[in-house]
Amino acid sequence: MPCPAARRHRLATAVGLALAATGTPALCGGFQILEQSASTLGVAHAGTAAAVNDASTVFWNPAGQMLLEGRQATLSLSGIFPSARFTDSGASSFAALGDGGQGGEAAWVPAMFAAFPIAPNLSAGLAINAPMGLATEWSSSWAGQYHAVRSSIETLNVNPTFAWRVSDALSVGAGVSYQKLDATFGNRVLVPLGPTTVATGTGMIDGIDWSWGWNVGAIWRPVESTRIAATYRSAIHYTLDGTLALSDLPVAVPTRAVSAEVKLPDTYSIAVSHRIDPSLRVLADWTYTGWSSIQDLRIVDKASGAPVSTTRLGFSNAWRVGVGGEYAASERWLLRAGVAYDTTPVQDAYRTPRLPDSDRTWLAFGARWAPARNAPWWFDVGYAHLFMKDASSDLPYAGAPAEERLRGALSGRYQGSVDILSAQVGVRF
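Just so you know, these numbers come straight off a predicted model, no measurement behind them.

A.B. asks: How do you make sense of the overall build of the protein chain when you look at a structure like this?
C.D. replies: Helix and strand content of the protein chain: four helices and 21 strands. For 429 residues, the compact-globule formula gives about 22 Å, and the C-alpha radius of gyration of the protein chain, at 23 Å, lands near that figure. For the protein chain, the spread of C-alpha atoms along the three principal axes comes to 75 × 40 × 35 Å. Burial analysis of the protein chain (429 residues in total) assigns 53% to the buried set. For the protein chain, contacts bridging at least 24 residues in sequence account for 71% of all contacts bridging at least 6. Summed over all atoms, the accessible surface of the protein chain reaches about 17,500 Å², with 62% contributed by carbon and sulfur.

A.B. asks: Sorry if this is basic, but what is going on with a nonpolar patch on the surface here?
C.D. replies: On the surface, Leu 77, Phe 81, Trp 108, Val 323, Val 339, Leu 363, Phe 365, Tyr 383, Phe 387 and Leu 421 cluster together into a nonpolar patch covering about 940 Å² of accessible area. Breaking the nonpolar patch down by element, the ones donating at least two residues are β1 (72-88), β18 (360-369) and β19 (377-388). Here Tyr 383 lies in strand β19.

A.B. asks: Would you explain the pairing of strand β6 (residues 150-165) in this entry?
C.D. replies: Within a regular strand, the side chains alternate between the two sheet faces. Pairing of strand β4 (residues 122-129) with β6, which is carried by eight bridges, proceeds in the antiparallel orientation. Across the sheet, residue Gly 125 finds its bridge partner in β6, namely Thr 161. Where strand β5 (residues 135-137) and β6 come together, three bridges link them in antiparallel fashion. Across the sheet, residue Glu 137 finds its bridge partner in β6, namely Arg 150. Sheet analysis places β6 next to strand β7 (residues 170-192), joined by 14 bridges and oriented antiparallel. Paired with Ala 163 across the bridge in β7 is Gly 173.

A.B. asks: Explanation requested: the environment of Trp 369 in the structure shown.
C.D. replies: For Trp 369, the position within the fold is in strand β18. Taking the C-alpha atoms as reference points, Trp 369 and Thr 161, separated by 208 residues in sequence, lie 28 Å from one another.

A.B. asks: Explain the packing of aromatic side chains here, please?
C.D. replies: Each aromatic ring pair is summarised here by two numbers: the centre-to-centre distance and the angle between the ring planes. Under the criterion given, the structure shown has 18 aromatic pairs. Through a chain of ring-to-ring contacts, the aromatic side chains of Phe 86, Trp 138, Trp 142 and Tyr 414 assemble into a single cluster. The aromatic ring of Trp 362 is capped on one face by Arg 320, whose charged end is 4.9 Å from the ring centroid.

A.B. asks: What should I look at first to understand the environment of Val 339 in this one?
C.D. replies: Within the element layout of this structure, Val 339 appears in strand β17 (residues 333-342). Spatially, the C-alpha atom of Val 339 lies 5.6 Å from that of Val 323, the residues being 16 residues apart in sequence. Non-local contacts of Val 339, meaning those with residues more than four positions away in its chain, are made with Ala 44, Val 321, Gly 322, Val 323, Trp 362 and Leu 363.

A.B. asks: Looking at this model, I keep getting lost on the environment of Val 109. Mind explaining?
C.D. replies: Note on placement: Val 109 falls in strand β3 (residues 107-119). Along the sequence, Val 109 and Leu 77 sit 32 residues apart, while their C-alpha atoms lie 5.6 Å from each other. Contact partners of Val 109, with chain neighbours within four places excluded, come to Ile 33, Glu 35, Ser 76, Leu 77, Ser 78, Ile 80 and Ala 130.

A.B. asks: Could you clarify how one ought to interpret the confidence of the model for the protein chain in this entry?
C.D. replies: Caution applies to low-pLDDT parts of the model: their predicted coordinates are not meant to be read in detail. Taken over all residues, the pLDDT of the protein chain has a mean of 88, while the share at 70 or more is 93%. For the protein chain, per-element mean pLDDT is lowest for helix α1 (residues 5-19), which scores 46, and highest for strand β9 (residues 226-233), which scores 98. The low-confidence segment residues 1-28, where pLDDT is below 50, has 82 contacts with residues more than four positions distant or belonging to other chains.

Reading the values: the criteria
- Residues numbered from 1 in each chain as written.
- Predicted model: local features only at pLDDT ≥ 70, side-chain atom pairs only at ≥ 80, totals over all residues.
- Heavy atoms only, no water.
- Helix = DSSP H or I, 4+ residues; strand = E, 2+ residues; numbered from the N terminus.
- Rg over C-alpha atoms; globule rule 2.2 N^0.38 Å.
- Buried < 20%, exposed > 50% of the residue type's maximum accessible area, 1.4 Å probe, protein only.
- Contact = heavy atoms within 4.5 Å.
- Areas by Shrake-Rupley, 256 points an atom, 1.4 Å probe, with all protein chains shown as cover.
- Patch = residues over 30% accessible without salt bridge, like charges linked within 9 Å, V, L, I, M, F, W, Y side chains within 5 Å.
- Salt bridge = Lys/Arg side-chain N within 4 Å of Asp/Glu carboxyl O.
- Pairing = 2+ DSSP bridges.
- Phe/Tyr/Trp six-rings, centres within 6.5 Å; stacked < 30°, edge-to-face > 60°.
- Lys NZ or Arg CZ within 6 Å of the ring centre and 35° of its normal.
- pLDDT = per-residue confidence, 0-100.

Right, here's the structure in full:
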């Protein structure tokens, strides 16, 4: 029998409150994918804006296209293998249900880049990649089941670029991005059916949108052995249209159309490349991401515009610093290594199991093999291990609305790490 209108409203509102935090992890630093090329992974992505290893510079810094020899293309595939485990402090409301097992989920990320000279001082490029993604999945029944079970996001970025050689010492570039964000999030929900009756079900929200952004970059060579680079990638504003649905309940609840406004942050980076001698090069960079643009997530009913829920996110700005080096061991082999440190935008007070993110340290190694000097094709591999700091959970946060306390307390610590392996083929034609 269909439920009365008032009951349907309570059900939909409860689901919205239970799922309100689901959109946030997909927008966090932990879901920002730097793994766009094996050649940069080998140095922990240090100095990418100035490195200009191959056509992947189209994404990292379009000005670098002017430093490539001829037409080039690269195709890469990166495997990302995260580990995330939760240890309950004993204070969680549903601690008896367990710790959720392994929350990290592996992902394979492809990327393609191409650069084409179209005049002596002008070049065009194209990047097709996934700048954000990954997923977490906990047991369907665990201590944090009302906070998160499944979280996934996929992006597709189409980024044409142009570059111009202003002088022998200075090149500039710019591009536009047409980017898709596709997200699915779910968890168990506690839904009030009456004054004294509560049912447990499964809530799921799906959302998708395409939107535009842009990027610019410059490379200055004060001397032949040194490059100084700067890049900027704009914020991207999405209006995610999707559905909010309930299942596994004793009453039928119709699917509800919802929407949410999301603004991905802008980023800028300063990088240096310096060749000590013909065999040895050092790279370094500092990158800043303006995550503080995301403070709250507001979900509204698409038909009426009425708010379904508002969740405090409280992201802080984040930064990253990296140092790496390349050594030409022979005409065929180029060896790489690098370290980096980056901070998370997630504050302790608002950390959820959808993104148990924390500050991390990178340690990376890589190599390039070519059949001969100036060969028309080559092969890159890279590996990195990320050491994640232990991170606390103490939900609901202080001052959280009473409705959010329906999810129950989740108190404990997360431990995590990430292994990344990338392979890439590059060609010159």
